[in-house]
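# Inside the fold
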Amino acid sequence: MTRTNPLLLAAIAVVSGVAGFFVDQVLTGMGHPSFTPSPLLPILLVALAVAVVAAAIPVRRATVGAAAPVDPFRALRIAMMAKASSIVGALVAGSAGGLLVFVLTRPVSPSLGSTGAVIAALGGGLLLVAGALVAEHLCTIRKDDDDQPGPDEPDYGLSHSD
């Protein structure tokens, strides 16, 4: 499994930011109120970030030899959960960023409640991305000296298959 590419997360955030801006533009153009995320969303995002990091800590302890070995499939599931969480965090942060840009560029000043909810969702999404990337880092193991390079990895002449 490859690590999450930060450029992919940035691209996801930009695309979802444009989508969030566009959705608010369409809603207000049709006479509806602009979209405001639920106040529970940032709480759930932070709780998910904490849960992902907490799930990855036993894997890290096992890889450094401080704890009993962990089932490799469990470690893979945690790493995939971390990768998915980083993508979800980028989606939420990007769309909240687009909503925030829309709200702040209007000639009428927005209400503090809707702006606060959007800022909190943006912060929760960013925190989820950070927590997921930390958890993904905790689930990686260092390469052994005797590991053979995979088909996608270059061989720098370090393999000893004589």
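Just so it is clear, the structure is predicted and the values come from calculations on it, not from any experiment.

## Some details on the environment of Leu8
Within the element layout of this structure, Leu8 appears in helix α1 (residues 6-29). When its relative accessible area of 42% is taken as the criterion, Leu8 is described as partly exposed. Taking the C-alpha atoms as reference points, Leu8 and Ile87, separated by 79 residues in sequence, lie 8.6 Å from one another.

## Things to note about helix α2 (residues 40-63)
In this model, α2 (24 residues) spans 35 Å end to end at C-alpha, consistent with the 34 Å of a helix rising 1.5 Å per residue. Buried within α2 we find Pro42, Leu45, Ala49, Val52, Ala56, Val59 and Ala62. Looking at the buried residues of α2, the elements they touch are α3 (72-104) and α4 (112-138). Positive phi shows up at Gly65, right after α2, with a value of about 85 degrees.

## Quick word on the packing of aromatic side chains
All told, the structure shown has 1 aromatic pair when counted by the stated rule. For the pair Phe21 and Phe102, a centre-to-centre distance of 5.5 Å together with 75 degrees between the ring planes defines the contact as edge-to-face. On the criterion of sequence distance, the pair formed by Phe21 in helix α1 and Phe102 in helix α3 is long-range, its members being 81 residues apart. Assessed through its relative accessible area of 29%, Phe21 is described here as partly exposed. The class of Phe102 is buried, set by a relative accessible area of 2%.

## Describing the nonpolar core
Membership of the largest hydrophobic core is limited to 10 residues, which are Val52, Ala56, Val59, Ala75, Ile78, Ala79, Ala82, Ala135, Leu138 and Cys139. Within the residue set of this core, elements represented by two or more residues are α2, α3 and α4. The element best represented in this core is α3, accounting for 4 residues. Residue contacts for Leu138: discarding those within four places in its chain leaves Val53, Ala56, Ile57, Val59 and Arg60. Core analysis: the second largest hydrophobic core is formed by 5 residues, Ala96, Leu99, Leu100 and Ala121 among them.

## Structural notes on the side chain of Asp24
Mapped onto the elements, Asp24 comes out in helix α1. With no salt bridge to any partner, buried Asp24 finds its closest opposite charge in Arg106, at an N-O distance of 7.7 Å. In this structure Asp24 touches Ser34, Phe35, Leu99, Phe102 and Val103, once residues within four positions along its chain are discounted.

## Regarding the packing of α3 against α4
Interhelical geometry of α3 versus α4 gives an angle of 155 degrees and a closest axis separation of 7 Å. Relative to α4, the element α3 is oriented roughly antiparallel. Considering how the two elements wind past one another, α3 and α4 form a crossing that is left-handed. Along the lines of polarity and charge, the residues of the contact of α3 with α4 split into 19 nonpolar, 6 polar and 2 charged.

## Side note on the confidence of the model for the chain
The pLDDT averaged across the chain works out to 86; a share of 87% of its residues lies at or above 70. By mean pLDDT, α4 is the weakest element of the chain at 92, and α1 is the strongest at 94. In this model residues 155-162 is a low-confidence stretch, pLDDT under 50, and it forms 4 contacts with partners more than four residues away in sequence or in other chains.

## So, the packing of α1 against α3
The contact between α1 and α3 brings their axes to 6 Å, and the two run at 40 degrees. Taken together, the axis directions place α1 and α3 in an arrangement best described as oblique. The two elements α1 and α3 cross, and the hand of that crossing is right-handed. Within the contact between the two elements, α1 uses Leu9, Ile12, Ala13, Ser16, Gly17, Gly20, Phe21, Asp24, Gln25 and Thr28 and α3 uses Ser86, Ile87, Ala90, Leu91, Gly94, Ser95, Gly98, Leu99, Val101, Phe102 and Val103. The residue inventory of the contact of α1 with α3, partitioned by class, reads 11 nonpolar, 9 polar and 1 charged.

Rules and cut-offs
- Residues numbered from 1 in each chain as written.
- Predicted model: local features only at pLDDT ≥ 70, side-chain atom pairs only at ≥ 80, totals over all residues.
- Heavy atoms only, no water.
- Helix = DSSP H or I, 4+ residues; strand = E, 2+ residues; numbered from the N terminus.
- Buried < 20%, exposed > 50% of the residue type's maximum accessible area, 1.4 Å probe, protein only.
- Expected span 1.5 Å × (residues − 1).
- Contact = heavy atoms within 4.5 Å.
- Phe/Tyr/Trp six-rings, centres within 6.5 Å; stacked < 30°, edge-to-face > 60°.
- Core = buried A, V, L, I, M, F, W, Y, C linked by side-chain atoms within 4.5 Å.
- Lys, Arg positive; Asp, Glu negative; His and termini not counted.
- Salt bridge = Lys/Arg side-chain N within 4 Å of Asp/Glu carboxyl O.
- Axes fitted to C-alpha atoms, helices over the stretch in contact; angles between N-to-C directions.
- Parallel < 35°, antiparallel > 145°, perpendicular 65-115°, else oblique.
- Left-handed = near helix turned anticlockwise from the far one by under 90°.
- Nonpolar A, V, L, I, M, F, W, Y, C, P; charged D, E, K, R; others polar.
- pLDDT = per-residue confidence, 0-100.

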